[in-house]
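In case you want the letters, here they are:
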Amino acid sequence: MVEVKVKILGADSFGSRSMATSLEVGGVKILIDPGVSYAPRRYGLPPHPVEIARLNEIKERILGEISDADIVIITHYHYDHYLYKPEDVEYYRGKVLLIKDPSSNINVSQRIRAHRLLKTNKVSEIAKSINILDSSTYIVDKDFVVVGSPPVPHGAEGSKLGYVVMVLISCCGEKIVHASDVQGPMSRKALDVILSWKPSLVIISGPPTYFAGIKVEEDKVNQGLSNLRKLVESVDTVIVDHHFARDLNYPSYLEELRSINKRVMSAAEYMGYPIELLEARRKELWKKEKAANSDRASGESFLEVD
Ligand SMILES: [Zn+2]
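Residues numbered from 1 in each chain as written. Predicted model: local features only at pLDDT ≥ 70, side-chain atom pairs only at ≥ 80, totals over all residues. Heavy atoms only, no water.

### Quick word on the sheet that holds strand 2 (residues 21-25)
Link 1 in the chain: With respect to topology, six strands assemble into an open sheet ordered 1-2-3-4-5-6, the strand pairing being mixed. With partners counted over all chains shown, the strands left at the sheet margins are strand 1 (4-8) and strand 6 (129-132), one partner each. Averaged over all adjacent pairs, the angle separating strand axes in this sheet is 20°, with direction ignored.
Link 2 in the chain: Sheet topology places strand 1 next to strand 2; five bridges connect them, and they run antiparallel. Bridging from a neighbouring strand, I8 pairs with T21 of strand 2.
Link 3 in the chain: Helix-sheet contacts for helix 1 (residues 49-66) involve strand 1, strand 2, strand 3 (28-32) and strand 4 (71-74), and the interaxial angle to strand 3 is about 145°. (Pairing = 2+ DSSP bridges. Helix = DSSP H or I, 4+ residues; strand = E, 2+ residues; numbered from the N terminus. Axes fitted to C-alpha atoms, helices over the stretch in contact; angles between N-to-C directions. Contact = heavy atoms within 4.5 Å.)

Here's what the structure looks like:
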């Protein structure tokens with residue numbers, strides 16, 4: 001029996017914004033969303049050096065994995081989901097690319113980024129092929145397909161952030177879904193698509209509880225939580241991370257969901273890593289740094305007296 005090997009390369013529960021995932025089936029390697037980034041500002045603070053170091057570690061891991069990938073999937077054009085820097089685009093050379101449609105159901109900023117990637121940085125010339133993922137099926141082999149959902153909102157219906165495409169990898173009796181940035185899902189349509197696929201494993205971005213009542217209406221976040229509960233009721237294993245893991249209360253939300261289904265977890269737990277919510281802990285990290293610096297300073301003056 002052929003086995004699907006799932007490796008999560010980057011996740012917010014590892015300490016940096018990412019949902020980069022590698023799937024290997026019988027010698028074919030698929031990389032989904034090869035990107036990582038940090039919040040430029042959180043609590044009004046820039047990223048702590050520990051966060052920058054973690055981002056670099058995750059990026060190295062992504063670059064290591066993409067080298068021998070056959071298929072690369074880009075679910076949408078946000079910087080935590082694809083390699084976009086001119087010095088990195090060479091990694092797309094020779095790959096089969098399955099990408100979010102760059103010209104329809106896309107907002108202006110993502111349209112510009114997609115154009116920059118494909119045309120300005122010439123990825124459409126160096127890739128083996130470019131295939132639109134939206135509402136389509138890519139046949140890898142007999143009984144091995146990659147299915148793209150119709151475009152679903154990046155969060156709630158009508159979100160200004162545009163659309164993402166969710167992905168179903170179906171092979172050898174296994175069905176794995178990668179649902180980036182659906183934030184719960186908040187959209188009922190997104191939930192219905194996932195449930196209609198009848199997956200055994202779902203890797204999904206949870207609701208942005210850290211923004212509830214601040215940047216995202218509380219109702220919408222609650223809608224995301226309620227749809228997530230429906231999802232975990234009917235799927236064997238759910239890895240819920242990304243937006244959800246930017247909240248210090250993330251571990252207690254996971255606990256609550258585990259009362260519905262024991263197999264709900266963070267990407268870190270799935271990979272056997274400790275949960276490290278570096279972005280959510282940014283204030284504390286800077287505070288500790290400041291305290292250590294002032295200890296060092298007072299230590300020096302003590303030595304001078306001595
Ligand atoms: Zn994202």
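### Remarks on the coordination of the zinc ion
Link 1 in the chain: Of the protein atoms, only D80 (OD), H81 (NE2), D181 (OD), D181 (OD) and H242 (NE2) coordinate the zinc ion, at distances of 2.0 to 2.6 Å.
Link 2 in the chain: Counting the intervening residues between successive donors of the zinc ion yields the motif D-H-x99-D-x60-H. Placement of H81 in the loop between strand 4 and strand 5 (96-99) and of D181 in the loop between strand 12 (174-179) and helix 4 (188-197) is noted, with a sequence separation of 100 residues between them. As far as the burial class goes, H81 and D181 line up, both buried. (Donors = N, O, S within 2.8 Å, 3.2 Å for Na, K, Ca; no water. Buried < 20%, exposed > 50% of the residue type's maximum accessible area, 1.4 Å probe, protein only.)

### What to know about the packing of aromatic side chains
Link 1 in the chain: Applying the stated criterion across every chain, the model contains eight aromatic pairs.
Link 2 in the chain: A ring pair is formed by F14 and Y273, whose centres lie 4.9 Å apart and whose planes are at 75°; its orientation type is edge-to-face. Remark: Y273 occurs in the loop between helix 7 (267-271) and helix 8 (282-305) and F14 occurs in the loop between strand 1 and strand 2; sequence separation between them is 259 residues.
Link 3 in the chain: Judged by relative accessible area, which is 4%, F14 ranks as buried.
Link 4 in the chain: On the basis of relative accessible area, Y273 is assigned to the partly exposed category, the value being 31%.
Link 5 in the chain: Between F244 and Y253, the ring centres sit 5.3 Å apart and the planes meet at 35°, which makes this aromatic pair tilted. (Phe/Tyr/Trp six-rings, centres within 6.5 Å; stacked < 30°, edge-to-face > 60°.)

### Looking at the nonpolar core
Buried together is how nonpolar side chains tend to be arranged in soluble globular proteins.
Link 1 in the chain: If you look at the biggest cluster of nonpolar residues, it comprises 54 residues, and the most contacted ones within it are I30, I73, Y92, L117 and I169.
Link 2 in the chain: A per-element tally of this core places helix 1 first, with five residues.
Link 3 in the chain: Residues in contact with I73, not counting those within four places in the same chain, are I30, L31, I32, D33, P34, L98, L133, V146, V167 and I169.
Link 4 in the chain: In terms of nonpolar packing, the next biggest core, distinct from the first, is built from 30 residues, V147, V152, V240 and Y250 among them. (Core = buried A, V, L, I, M, F, W, Y, C linked by side-chain atoms within 4.5 Å.)

### Overview of the sheet that holds strand 8 (residues 144-148)
Pairing between the strands of a sheet comes from backbone hydrogen bonds, and it takes one of two forms, parallel or antiparallel.
Link 1 in the chain: Strand order in the open sheet formed by seven strands is 7-8-11-12-13-14-15, with mixed pairing between adjacent strands. Only two strands of the sheet have a single neighbouring strand rather than two, namely strand 7 (137-141) and strand 15 (264-265).
Link 2 in the chain: Examined bridge by bridge, strand 13 (residues 201-205) and strand 14 (residues 237-241) share five bridges and lie parallel to one another. Residue S205 lies in a different strand from strand 14, and its bridge partner there is D241.
Link 3 in the chain: Contacting strand 13, strand 14 and strand 15, helix 5 (residues 218-234) runs over the sheet at an angle of about 150° to strand 14.

### Details of unusual backbone geometry
Link 1 in the chain: Omega for the peptide link from G184 to P185 comes to 15°, which places this bond in the cis form.
Link 2 in the chain: Here P185 shows up in the loop between strand 12 and helix 4.

### Focus on the pairing of strand 2
Every regular strand shows the same layout, with side chains that alternate between the two sheet faces.
Link 1 in the chain: Counting buried positions along strand 2 yields four of five residues, so the element is predominantly enclosed.
Link 2 in the chain: Sheet analysis places strand 2 next to strand 3, joined by five bridges and oriented antiparallel. Note that in strand 3 the partner of S22 across the bridge is L31.
Link 3 in the chain: As consecutive antiparallel partners, strand 2 and strand 3 are separated by two residues, and within that stretch G26 has a phi angle of approximately 45°, a positive value.

### Describing the pattern of salt bridges
Link 1 in the chain: Under the defined criterion, the tally for this structure stands at 21 salt bridges.
Link 2 in the chain: Among the salt bridges present, the one from E65 reaches K29, with a minimum N-O distance of 2.7 Å. Taken as a pair, E65 in helix 1 and K29 in strand 3 lie far apart in primary sequence, 36 residues in all. Pair check on accessibility: E65 and K29 agree, each one buried.
Link 3 in the chain: With its nearest N and O atoms 3.7 Å apart, the salt bridge here joins K142 to D143. (Salt bridge = Lys/Arg side-chain N within 4 Å of Asp/Glu carboxyl O.)

### Describing the packing of helix 5 against helix 6 (residues 250-258)
Helix-helix packing is described using two parameters, namely the angle between the two axes and the distance between the axes.
Link 1 in the chain: The geometry of helix 5 relative to helix 6 is characterised by a closest axis approach of 10 Å and an angle of 45° between their N-to-C directions. In terms of their interaxial angle, helix 5 and helix 6 are classed as oblique. Every pair of crossing elements has a handedness; the one defined by helix 5 and helix 6 is right-handed. Here helix 5 contributes L225, L228, R229 and V232 to the contact with helix 6, which in turn contributes Y253, E256 and L257.
Link 2 in the chain: Within the contact of helix 5 with helix 6, the residues separate by chemical class into five nonpolar, no polar and two charged. (Parallel < 35°, antiparallel > 145°, perpendicular 65-115°, else oblique. Left-handed = near helix turned anticlockwise from the far one by under 90°. Nonpolar A, V, L, I, M, F, W, Y, C, P; charged D, E, K, R; others polar.)

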